[in-house]
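Here are the chains, one letter per residue:
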Amino acid sequence: MDYPLARLLHLAAMAAWFGAMMFVTGDVRFTVAKLGDFQGLADRVRRIRRAAKLASIVVLLTGFYLLYIMGGFGGVPIAVHVGLFNTLVLFAVQATYFRSLEALLHDSTDATALARLRWLGPSFHALWFATLVLMVFQKVIG
Ligand code: HEM
């Protein structure tokens, strides 16, 4: 796999990851606010969770490949190192988000799960966006 293809896959996977998580957090917020159809939500979450997981793994693998092509950790700016750390934290936030969502789908009155989802969603998006900024301005930030 050469550099342009790896870069294309990296950018496409990061967009898919962002889209999947934006969709699911919005869907959860809407369903909870409207006390909507939790069974329908459960079906949608099952599909989106798979897509988010796949996209996140492709971001990580293509990121490592790009890093390898560019000469390893010494060949890329610190911003990419921090971006990698953030991505590993995003994996943990995403896993905790879906675990809390499972608890909510199991019992839609679960106040702990609801409270967790309320801050995990925005935290995921904030950290994801911070990582995007690090990546785009990696040569400026150094
Ligand atoms: C949320 C996670 C991530 C996002 C949103 C993201 C986004 C991006 C974007 C937009 C670029 C292109 C920047 C540009 O040239 O203007 C990029 C490049 C790059 N990313 Fe990521 N990335 C993520 C995770 C990772 C990870 C985990 C790694 C390493 C393991 C990585 C390694 C790289 C490298 C080495 C480049 C530079 C490629 C080049 O100069 O052409 N990225 N990333």
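Throughout, a residue's number is its position along its own chain's written sequence, starting from 1. Thresholds applied to this predicted model are a pLDDT of at least 70 for local features of residues and 80 or more for the giving and counting of side-chain atom pairs; totals over whole chains, interfaces and linings are not thresholded and use all residues. Side-chain calculation: all heavy atoms of the structure are included, whereas hydrogens and water are not.

**Q** Honestly, the site of the ligand in this entry has me stumped. Any pointers?
**A** Any residue with a non-hydrogen atom lying within 4 Å of a molecule or strand is treated as near it. Residues in close proximity to the ligand total 24 residues, the closest being Tyr 3, Arg 7, His 10, Met 70 and Met 135. Polar contact is defined as a pair of N or O atoms within 3.5 Å, subject to the rule that within protein one atom must be able to donate a hydrogen and the other to accept it, and that residues adjacent in sequence are counted only when both atoms are side-chain atoms. A distance of 2.3 Å separates an oxygen atom of the ligand from a polar side-chain atom of Tyr 3. Here an oxygen atom of the ligand and a side-chain polar atom of Arg 7 are 2.8 Å apart. Taken together, the residues of the shell around the ligand break down into 17 nonpolar, 5 polar and 2 charged. Just so you know the grouping, Ala, Val, Leu, Ile, Met, Phe, Trp, Tyr, Cys and Pro go in nonpolar, Asp, Glu, Lys and Arg go in charged, and all remaining residues, Gly too, go in polar.

**Q** I keep staring at the pattern of salt bridges and nothing clicks. Help me out?
**A** Opposite charge on two side chains permits pairing when their charged atoms draw close. Salt-bridge detection follows one rule: a side-chain nitrogen of Lys or Arg within 4 Å of a carboxyl oxygen of Asp or Glu. Under the criterion given, the structure shown has 3 salt bridges. The salt bridge involving Arg 44 is made with Asp 27; its shortest N-O contact spans 2.5 Å. Within this pair, whereas Arg 44 is found in helix H2 (residues 38–69), its partner Asp 27 is found in helix H1 (residues 3–33), the two being separated by 17 residues in sequence. The buried label goes to any residue with under 20% of its type's maximum accessible area, the exposed label to any with over 50%, and the partly exposed label to all in between, with areas taken from a 1.4 Å probe on protein chains only. On the basis of relative accessible area, Arg 44 is assigned to the partly exposed category, the value being 25%. A salt bridge links Asp 43 to Arg 46, with the nearest nitrogen and oxygen atoms 3.5 Å apart. Of this pair, Asp 43 and Arg 46 are both found in helix H2, 3 residues apart, which corresponds to roughly one turn of the helix. The exposure class assigned to Arg 46 is partly exposed, which follows from its relative accessible area of 48%. Comment: elements are numbered from the N terminus, with helices defined as DSSP H or I runs of at least four residues and strands as E runs of at least two.

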